[in-house]
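Observations on the three-dimensional arrangement
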Amino acid sequence: MEKLNMLTLTVSLVVVLVLTQVDCSRNSTFKRVKQTQILGFDWKNCGKPDAPAVLESLTVSPDPISIPGDLTASASGSTTVELESPLSLTVTLEKEVAGFWVKIPCLEELGSCHYQDACDLLNQVIPPGQDCPEPLHTYGLPCHCPFKAGSYALPQSDFFLPDMDLPYWLTNGHYRVQGVLGSQGNELGCLKIALSLHSD
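Description of the overall build of the protein chain
Scanning the protein chain from N- to C-terminus turns up 2 helices and 12 strands. If you list the helices and strands of the protein chain from N to C, you get α-β-β-β-β-β-β-β-β-α-β-β-β-β. Expressed as a percentage of the 200 residues in the protein chain, the buried residues total 46%. Taking contacts inside the protein chain between residues at least 6 apart in sequence as the whole, the part at least 24 apart equals 72%. In the form shown here, the protein chain has an accessible surface area of approximately 10400 Å², with 54% of it arising from carbon and sulfur atoms.

Here is the structure:
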């Protein structure tokens, strides 16, 4: 997986891992859901034509994706610059309400948030010195900064998505997410994701 590809997948893993590792009994703002489905997953680059970091391909199946359940994914991407700390990440999360897109504020480090250093987030989820999670480990893909310039590819791989706790405000509906990666005031890449969420 190319650097951005790798980073994109890793950031996705961060989100999944953070949500799945929350203990409902200690945090009343999260709720355990019995079954969640992600429908209509779609993505596109939103950076400038000459953006250094570009996601070239990303496929996920099935549709809908069930949580808990199995997921098959592949990805590829590239970066022309080294991605190193501090690597800012600005996330904008919107939900469709009555035909309008409403920005969800940053609540407990989730939502429309600015992260000073995505590298620190990775280190919190996967401590330095610990092997990268599968299938990254199998394919020799990194999960910590710095990510060297070059191309990365994750062949079609199977994942199991476990039960998760969702924030109380992450309710059923249509969502779109934009993530902008930056360094020293320069935009390195931008990715938009759209999906629908349905949980019991």
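Some remarks on the state of the cysteines
Disulfide: a covalent bond formed between the sulfur atoms of two cysteine residues. This structure, assessed with the given rule, holds 4 disulfides. One disulfide bridge connects Cys 106 with Cys 113, the sulfur atoms lying 2.0 Å from each other. Every disulfide takes its handedness from the sign of the S-S torsion; for Cys 106 and Cys 113 that torsion is 100°, giving right-handed. By relative accessible area, Cys 113 is classed as buried at 3%. For Cys 132, the disulfide goes to Cys 143, at an S-S distance of 2.1 Å.

Notes on the sheet that holds strand β5 (residues 69–79)
Strand order in this open sheet of 3 strands is β3-β5-β9, and the pairing throughout is antiparallel. Looking at strand neighbours, the two that pair on one side only are β3 (53–61) and β9 (150–161), the edges of this open sheet. The sheet shows a mean angle of 10° between the axes of neighbouring strands, direction not considered. The pairing of β3 with β5 spans 8 bridges and is classified as antiparallel. Paired with Leu 58 across the bridge in β5 is Ala 75.

A few points about the environment of Glu 108
Among the secondary structure elements, Glu 108 is positioned in the loop between β7 (100–103) and β8 (114–115). The spatial distance from the C-alpha of Glu 108 to the C-alpha of Pro 167 is 9.3 Å, given a sequence separation of 59 residues.

A word on the pairing of strand β2 (residues 36–45)
On a regular strand, one side chain projects to one face of the sheet and the next to the other, so that they alternate. Pairing of β2 with strand β4 (residues 65–67) involves 3 bridges; the strand directions are antiparallel. What sits directly across from Gln 37, in β4, is Ser 66.

Section: the pattern of salt bridges
Inspection of the entire model under this criterion finds 1 salt bridge. Glu 94 serves as the salt-bridge partner of Arg 176, at 2.6 Å between the closest nitrogen and oxygen. With Arg 176 in strand β11 (residues 173–183) and Glu 94 in strand β6 (residues 88–97), this pair connects stretches of sequence that are 82 residues apart.

Some thoughts on the side chain of Ser 76
Relative to the assigned elements, Ser 76 resides in strand β5. Of the polar contacts made by the side chain of Ser 76, one reaches the side chain of Ser 57; its length is 2.6 Å.

Side note on the side chain of Ser 78
Inspection of the secondary structure assignment puts Ser 78 in strand β5. In this structure the side chain of Ser 78 is engaged in a polar contact, spanning 3.0 Å, whose partner is the side chain of Glu 56.

Notes on unusual backbone geometry
Omega for the peptide link from Ile 67 to Pro 68 comes to 5°, which places this bond in the cis form. Within the secondary structure, Pro 68 sits in the loop between β4 and β5. Residue Pro 135 is bonded to the preceding Glu 134 through a cis peptide linkage, with omega at 5°. Secondary-structure assignment places Pro 135 in the loop between α2 (118–125) and β9. Its identity is not glycine, yet Glu 108 carries a phi of approximately 55°, on the positive side. When its relative accessible area of 47% is taken as the criterion, Glu 108 is described as partly exposed. The backbone of Glu 109 shows a phi angle near 70°, a positive value even though the residue is not glycine. In this fold, Glu 109 is placed in the loop between β7 and β8.

Scoring rules and cut-offs
Residues numbered from 1 in each chain as written. Predicted model: local features only at pLDDT ≥ 70, side-chain atom pairs only at ≥ 80, totals over all residues. Heavy atoms only, no water. Helix = DSSP H or I, 4+ residues; strand = E, 2+ residues; numbered from the N terminus. Buried < 20%, exposed > 50% of the residue type's maximum accessible area, 1.4 Å probe, protein only. Contact = heavy atoms within 4.5 Å. Areas by Shrake-Rupley, 256 points an atom, 1.4 Å probe, with all protein chains shown as cover. Disulfide = S-S within 2.5 Å. Pairing = 2+ DSSP bridges. Axes fitted to C-alpha atoms, helices over the stretch in contact; angles between N-to-C directions. Salt bridge = Lys/Arg side-chain N within 4 Å of Asp/Glu carboxyl O. Polar contact = N/O pair within 3.5 Å; in protein donor to acceptor, adjacent residues only side chain to side chain.

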